[in-house]
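# Understanding the architecture of this molecule
Okay, here's what each chain looks like letter by letter:
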Amino acid sequence: MVLLNSSSCVKALDTVVITHYDITYSVITMSDPTLLVLASLAEGDKHGYAMMLDIETFAGVKLGPGTLYGAITRLEQQGWIRPVSSTDRRRPYTITPAGRGHLQTQLAGLQQVVKTGLSRLKHA
Amino acid sequence: MNRLAKWTMRLYPARWRKRYGDELDALLADTGADARIVADLFQGGMRMQFKTWSLLKLTLVLGIAGLLLGAAGSFLIAPMYVSKATLQMTPAQISANTDAAAVGNQLNEEIQLLETTLLSRTSLSTIIQDPQLQLYRDELKVTPLEDVIEEMKSNIRITIIALPGAVGRRGPAFDILFMYPDKLKAQQTVQQLVDRFQELSAEAAHPEVAGHHDLEVLDVPSLPVLPIYPNRHVLELIGAALGLSVVFAYRKLRKKKLLAWGFAIPAVLFGMLGAFLADGASILDLVNNQWRSTALMSAPNGTPEQIAQLTQEVLSRTTLSAVIQYPRLRLYPDQMKTTPLEDVIETMKKNLAIRPVGDGRHLTVSFVYSDRFKAQRTVHMIMNRLDEANRRLYGGLPIDPATLFSSVKMEILDVPSMPVTPAKPNRYSMAVTGGIAGALAGAIIALIRRRWRPEGDIPVDAVNG
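In this numbering scheme, every chain counts its residues from 1 along its sequence in written order. Here the convention is simple: chains get letters from A, ligands get numbers from 1, in the order in which they are written. Given that the model is predicted, a residue must reach a pLDDT of at least 70 before its local features are reported, and side-chain atom pairs must reach 80 or more before they are shown or counted; all residues, however, enter totals for whole chains, interfaces and linings. To obtain the side-chain values, all non-hydrogen atoms of the structure were used and water was disregarded.

## What about the overall build of chain B?
- Per the convention used, a helix needs a DSSP run of H or I reaching at least four residues, while a strand needs a run of E reaching at least two, with both numbered from the N terminus. When helices and strands are counted, chain B shows 17 helices and eight strands.
- Only protein chains enter the calculation, and the probe is 1.4 Å; a residue is then buried if its accessible area is under 20% of its type maximum, exposed if over 50%, and partly exposed in between. The buried share of chain B, reckoned over its 465 residues, is 39%.
- Relative to all contacts within chain B whose residues are 6 or more apart in sequence, the contacts with residues 24 or more apart total 78%.
- When the accessible surface of chain B is split by element, carbon and sulfur atoms take 60% of a total near 25,900 Å². The contact criterion used is simple: two residues touch if any of their non-hydrogen atoms lie within 4.5 Å. Areas reported here follow the Shrake-Rupley algorithm with a probe of radius 1.4 Å; residue values treat only the protein chains shown as occluding.

## Some remarks on the overall build of chain A
- Broken down by element type, chain A carries five helices and two strands.
- Along the chain direction, N to C, the helices and strands of chain A fall in the order α-α-α-α-β-β-α.
- Within the span of chain A, comprising 124 residues, buried residues form 33% of the whole.
- Entry remark: accessible area of chain A is about 7,600 Å², with carbon and sulfur atoms responsible for 60%.

## What to know about the packing of aromatic side chains
Residue and element names in this part refer to chain B.
- Two rings from Phe, Tyr or Trp (for Trp, the six-membered ring) form a pair when their centres sit within 6.5 Å of each other. Planes less than 30 degrees apart are called stacked, planes more than 60 degrees apart edge-to-face, and all others tilted. Applying the stated criterion across every chain yields a total of nine aromatic pairs over all chains.
- Pairing phenylalanine 178 with tyrosine 180 gives two aromatic rings, centres 5.8 Å apart and planes at 20°, and the pair type is stacked. Both residues of the pair, phenylalanine 178 and tyrosine 180, count as buried.

## Some remarks on the nonpolar core
- Working definition of a nonpolar core: buried Ala, Val, Leu, Ile, Met, Phe, Trp, Tyr and Cys residues. They are joined through side-chain atoms within 4.5 Å. In this structure, Val37(A), Leu68(A), Tyr69(A), Ile72(A), Tyr93(A), Leu24(B) and Leu41(B) are the most contacted members of the largest nonpolar core, which totals 30 residues.
- Counting only elements with at least two residues in this core, the list comes to α2 (33-41), α3 (48-59), α4 (65-78) and β2 (93-95) of chain A together with α1 (2-9), α2 (14-31) and α3 (35-52) of chain B.
- Ignoring anything within four residues of it in the chain, the contact list for Tyr69(A) reads Gly48(A), Tyr93(A), Trp16(B), Tyr20(B), Glu23(B), Leu24(B) and Leu27(B).
- By size, the runner-up hydrophobic cluster in this structure holds 29 residues, among which are Ile158(B), Ile176(B), Val190(B) and Leu193(B).

## What about the pairing of strand β5 (residues 291-298) of chain B?
All names here are of chain B.
- Counting buried positions over the eight residues of β5 gives six, a clear majority of the element.
- For two strands to be treated as a pair, DSSP must find at least two bridges joining them. Both β5 and strand β7 (residues 362-369) contribute to a ladder of eight bridges, which runs antiparallel. Bridging from a neighbouring strand, leucine 296 pairs with threonine 364 of β7.

## Here's the deal with unusual backbone geometry
Residues and elements named next belong to chain B.
- The phi angle at glutamine 134 is positive, at roughly 50°, despite the residue not being glycine.
- Examined against the element boundaries, glutamine 134 turns out to sit in the loop between α6 (121-128) and α7 (137-142).
- By relative accessible area, which is 35% here, glutamine 134 ends up partly exposed.
- The residue arginine 330 is not glycine, and still its phi comes out positive at about 45°.

## Considerations on the environment of Val84(A)
All names here are of chain A.
- Along the polypeptide, valine 84 turns up in the loop between β1 (81-83) and β2.
- Along the backbone, valine 84 and histidine 47 are 37 residues apart, and their C-alpha atoms lie at a distance of 9.4 Å.
- Among residues more than four places away in sequence, those in contact with valine 84 are Asp45, Arg91, Pro92, Tyr93 and Thr94.

## Quick word on helix α16 (residues 372-394) of chain B
Residue and element names in this part refer to chain B.
- Expected helix span is computed as 1.5 Å times (number of residues minus one). If you check α16, its first and last C-alpha atoms are 33 Å apart, about what 23 residues at 1.5 Å a residue would give, namely 33 Å.
- Those residues of α16 that fall on the buried side of the exposure criterion are Lys374, Ala375, Thr378, Val379, Met381, Ile382, Met383, Arg385, Leu386, Ala389 and Asn390.
- For the purposes of these results, a polar contact is taken to be a pair of N or O atoms within 3.5 Å, where, inside protein, one atom must be able to donate a hydrogen and its partner to accept one; residues adjacent in sequence count only when each atom of the pair is a side-chain atom. Two or three places before lysine 374, at the opening of α16, aspartate 371 has a side-chain oxygen 3.2 Å from that residue's backbone nitrogen.

## Quick word on the pattern of salt bridges
- Counted as salt bridges are all cases of a side-chain nitrogen of Lys or Arg within 4 Å of a carboxyl oxygen of Asp or Glu. Evaluation of the coordinates by the stated rule reveals 14 salt bridges over all chains.
- Across the pair Glu76(A) and Arg19(B) runs a salt bridge whose closest N-O atoms are separated by 2.9 Å. Of this pair, Glu76(A) sits in helix α4 while Arg19(B) sits in helix α2, placing the two residues on different chains. Of the two residues, Glu76(A) and Arg19(B), both sit in the buried class.
- The closest approach of N and O atoms between Lys84(B) and Asp175(B), which form a salt bridge, is 4.0 Å. On the criterion of sequence distance, the pair formed by Lys84(B) in strand β1 (residues 81-91) and Asp175(B) in strand β3 (residues 173-180) is long-range, its members being 91 residues apart.
- Lys84(B) sits in the partly exposed class, given a relative accessible area of 34%.
- A single network of salt bridges, built from pairs that share partners, joins Glu76(A), Arg91(A), Arg19(B) and Glu23(B).

## Here we look at the confidence of the model for chain A
Residues and elements named next belong to chain A.
- Residue-level confidence of the predictor is summarised by pLDDT, bounded by 0 at the bottom and 100 at the top. Residues with a pLDDT of 70 or more make up 75% of chain A, whose mean pLDDT is 78.
- Element-level pLDDT for chain A is lowest in helix α1 (residues 6-28), with a mean of 39, against a maximum mean of 95 in β2.
- Per-residue pLDDT stays below 50 along residues 1-29; that stretch engages in eleven contacts with residues further than four places along the chain or on separate chains.

## Some remarks on the pairing of β3(B)
Residues and elements named next belong to chain B.
- Of all eight residues in β3, seven are buried, a share of seventy percent or more.
- With six bridges connecting them, strand β2 (residues 156-161) and β3 associate as antiparallel partners. Across the sheet, threonine 159 pairs through a bridge with aspartate 175, a residue of β3.

## What about the confidence of the model for chain B?
All names here are of chain B.
- Taken as a whole, chain B shows an average pLDDT of 74; of its residues, 66% reach a score of 70 or greater.
- Per-residue pLDDT, averaged within each element of chain B, yields its smallest value for strand β8 (residues 408-414) (54) and its largest for α2 (90).
- Here residues 397-410 is modelled with pLDDT under 50, and outside its nearest four sequence neighbours on either side it reaches 42 contacts, counting other chains as well.
- Between residues 461-465, whose pLDDT stays under 50, and residues either more than four places distant or in other chains, the model counts ten contacts.
- Confidence estimates for the predicted assembly give a pTM of 0.42 and an ipTM of 0.73.

Rendered as structure tokens:
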């Protein structure tokens, strides 16, 4: 049996608070291109142009090449996506398990806000 | 447009291009290029450069940017021209056994005294309002005369200079400088200042021709602009410190990094808020503001002892009680209800200062009070009382006995110069300052970035094939 001492309790609480803060922050910046790229890759591997078309279809956001590759660079740095080996110049990317987990957390937070907002609108 | 887009891709760092260049090129082949895409690539390229630049590169680039900005900014500032005249003061009669150094020292003092008179509000307002000169015309439309006088005062310099061989019979030389946006007016103003200086010098040398003013008002009582208590700068500092402490405590409690924008920005904002609140409290009179009004008087014909006598007379119980209870003034009304008059007089004595300046023939009258208008009116009344006492006691102060410097002559060494190049802005120094500021900013950004996000690297090794 593991007993939590007071300092680890505080640490755990701190983590919860910070996670909650991160979710809230992501919700505010839900047009963040990294989130859009992750959502696009959640469906399957895609190269840059395929991602651009997909994002435009499901989010109505037309990402420029500079913005898209800025997001790809950041996501690869974080280890949330990785390139798939290919002989084509159009290199596809795949979402990693860590990236999937991150996307899930972000979307859960977003869903909570959407749910709350819609219910409040209904009762208003 | 395609060529422009390809060129814009070159703005990305080489390492990044090595890793993603082919992919981005292929993407551009699919999307085609238009102005929006070029702008997006430009923005992305700059952002990527900024993220990956080394300390040296960031310092250099921001330094050069600051240099260019400083140089460009210097062209936006209106040029100021300086006109200069050089004068020399020489005693006409000097005995053989007089110490030359002592003569020089006394003449230096004389110049300083004349300078005080020349730069007095009365003297400068005459020059400013001269219809031929029309100085500070635009400022006078929107700013009170008092402020324009202060501005003019800050643009005049009177400095004693060392001339080679200026010993013995010749007295000290000095420059009169004036800085103004119009070079012709700068020159004309210096001419006026020189004329006025000579007039004042002649009046000082021959008091009998200076009229029969026993007491002259050089500076009328000032209407205070800022309270002397509380000191707003101190309040601002306290507010800023409190603001910083709040953010510091918050970050400490939340166990967050102290060296991050998340700390720095709220700290600065809270600091500014604290300073603003402190300032606001003072402006809205929520704190007990204290204002000081000051006037400058001179008694060219009086002796320091006589002036001390006059001061004593004015600070007497009778005079002060009359001032306190003067119906239009009514000083210390709250204190008068609860405290005996004697104590109120003592309070007033603490706040009223009549002090000799310079040679003891000039004196300042200053009064500190919680109402700035009453402070000014009180100084007025005290000056009137001084004048009354002067007439009553002496019926006119005796003329000073002739001294060694009773006939000092002024000699113009250099007539006011017509300025050629502007003295302000100093474009070279502005560009250099901009460069140094930019370089410092670059170094700070690079250091913070290194501490905050040490990775910042392009994942070059992540490609599997």
